[in-house]
Amino acid sequence: MDKTILQFAPFLDEQEYAALRECFDANWLTEGPKAREFLARLKQQIGFEFGCLAPNGTLALYLGLRALGIGPGDDVVVPDFTFFGSASAVEMTGADPIFCDVDPETLQAGAEHFESALTPRTRALMPVHIYGMACPIAPIVELARQRELAVIEDAAQAIEVFYAGRHAGTFGDVGCFSFFADKTLTTGEGGLVVTNSAEIQQKLLVLRNQGRTDRGSFVHEALGYNFRMTDLQAAIGLVQISKLEEIKRRKSRILLRYHERLDPIEEVRFISLTPGSSYVPFRIAIYAQRATDLMRHLELQNIQTRTFFYPLHRQPAFEPLRRKPGYAGRLADEAFPGAIRAYENGVCLPSYPGLPPEDLDTVCDRIIEFYAGR
Ligand SMILES: *Cc1c(COP(=O)(O)O)cnc(C)c1O
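Each value, and the rule that gives it
- Residues numbered from 1 in each chain as written.
- Predicted model: local features only at pLDDT ≥ 70, side-chain atom pairs only at ≥ 80, totals over all residues.
- Heavy atoms only, no water.
- Buried < 20%, exposed > 50% of the residue type's maximum accessible area, 1.4 Å probe, protein only.
- Helix = DSSP H or I, 4+ residues; strand = E, 2+ residues; numbered from the N terminus.
- Pairing = 2+ DSSP bridges.
- Axes fitted to C-alpha atoms, helices over the stretch in contact; angles between N-to-C directions.
- Contact = heavy atoms within 4.5 Å.
- Near = heavy atom within 4 Å.
- Polar contact = N/O pair within 3.5 Å; in protein donor to acceptor, adjacent residues only side chain to side chain.
- Areas by Shrake-Rupley, 256 points an atom, 1.4 Å probe, with all protein chains shown as cover.
- Nonpolar A, V, L, I, M, F, W, Y, C, P; charged D, E, K, R; others polar.
- Core = buried A, V, L, I, M, F, W, Y, C linked by side-chain atoms within 4.5 Å.
- Domains from an automatic or database assignment.

**Q** Now, about the pairing of strand β13 (residues 346-349): what can you tell me, with residues and values included?
**A** Going residue by residue along β13, you find Gly-346 and Cys-348 tucked away on one face and Val-347 and Leu-349 tucked away on the opposite face as well. Sheet topology note: the strand β11 (residues 284-288)/β13 ladder contains four bridges and is antiparallel. Across the sheet, residue Ala-285 finds its bridge partner in β13, namely Cys-348. In this sheet, β13 lies alongside strand β12 (residues 306-307) in antiparallel orientation, the contact comprising two bridges. Across the sheet, residue Arg-306 finds its bridge partner in β13, namely Cys-348.

Shown next as structure tokens:
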């Protein structure tokens, strides 16, 4: 077999091409009419009061944290099982990320996980909605209210994901989304910050546009930066929104087929859904016996696999945290049995809206062969 079965590929066609051509025809590349329209469509789709676009999900989190006033001397609790960007955004503000464990069945951190990681310096919680389902967000927000902490939701993987009928990312003080190439809706690179607070929105607008709310003026009242997107990206995003139903349908069909083929395999188990959450499978995430050997077997047959996230508390990049007073004990493996079990036994299988059904079946055939010892 010489063809590679990809882990992921974006779902693009002629329509995105045509939308880009419209930008060239209008001779307008920077954030403008397409971006305004994209934001308005996102508002309809997600249901937030205020929002602004950002260059990517990591910077959306950074902007959100800064708008909440997070900075040096503060701690922000972040699940140990998430993409690196959740925590690097915290570090970028000068605050420290404090990691909490997750439930290995759902891969989500719940209120009890956040609570056990609180420090006297904790100012905010960052619930992350992982792998296309919501974390148990309502009890986390409740905990934050009791302790007078801010909540910034990392909903990078949670477009079209609902908890108790409400869109993920709209429960906390701030919610952040990513439109990276492997997210449910992509603009290549891109991000979104949402809030229901006019006061936070004002801070976001100032921060993202060089300290002013008006463009075209050279008087900067406050310190801000450039966190804008381009109209080229927004044009792609607008087409992607119109395809969301199709994308979700395809993702669900892929999950269903994987279940049909792999549920009978004793050595394979799918992750569980958080009660109250909808599901737009972001990854096909399974627990597999002899996971490393299985991945090697599939890679040898040109099938791309991914491990689950590497626990943040073990990241070499966060090694300097160990030298902070009182911090070392917080990074011990013993505190993260859920995240470690997930990393050591999890496998992500190829999944993307355009995955040919026969390729999906080939992946399943190879997995079944592997456990049959052939
Ligand atoms: C993708 C992702 C991010 C970062 O988004 P970028 O757009 O890649 O910067 C942050 N958190 C999670 C959970 C993600 O999946």
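**Q** Lay out the sheet that holds strand β3 (residues 96-100) in plain terms, naming residues and giving numbers.
**A** Ordered by their spatial adjacency, seven strands build an open sheet running β1-β9-β8-β5-β4-β2-β3, and the pairing between neighbours is mixed. The sheet is open, and its two borders are formed by β1 (50-54) and β3, each paired with just one other strand. Strand after strand, the sheet turns through a mean of 25° between neighbouring axes, direction not considered. Sheet topology places strand β8 (residues 174-178) next to strand β9 (residues 191-195); four bridges connect them, and they run antiparallel. Residue pairing in the sheet places Phe-177 in a bridge with Leu-192 of β9. Those strands touched by helix α6 (residues 137-147) are β4 (122-125) and β5 (150-154), and its axis lies near 155° from that of β5.

**Q** How would you sum up the site of the ligand? Please name residues and give values.
**A** Residues in close proximity to the ligand total 13 residues, the closest being Gly-57, Thr-58, Asp-154, Ser-178 and Lys-183. In this structure, Asp-154 approaches the ligand through a side-chain N or O atom, which is 2.7 Å from a nitrogen atom. For the ligand, an oxygen atom lies 3.2 Å from a polar atom in the side chain of Lys-183. Computed on the free molecule, the ligand has an accessible area of 380 Å², of which 93% lies beneath the protein chains in the complex. Counted by class, the shell around the ligand contains four nonpolar, seven polar and two charged residues.

**Q** Can you tell me about the nonpolar core, naming the residues and giving the values?
**A** In this structure, Phe-38, Leu-42, Phe-81, Tyr-131 and Phe-308 are the most contacted members of the largest nonpolar core, which totals 94 residues. It is helix α3 (residues 57-67) that provides the largest number of residues to this core, a total of seven residues. Looking at this core, you find at least three residues from each of domain 1 (14-242) and domain 2 (245-372). Aside from chain neighbours lying at most four places away, what touches Phe-38 is Leu-53, Phe-179, Leu-185, Thr-187, Met-229, Ala-234, Gly-237, Leu-238 and Ile-241. Leu-262, Tyr-352, Cys-364 and Tyr-371 belong to the second largest nonpolar core, which has 28 residues in total.

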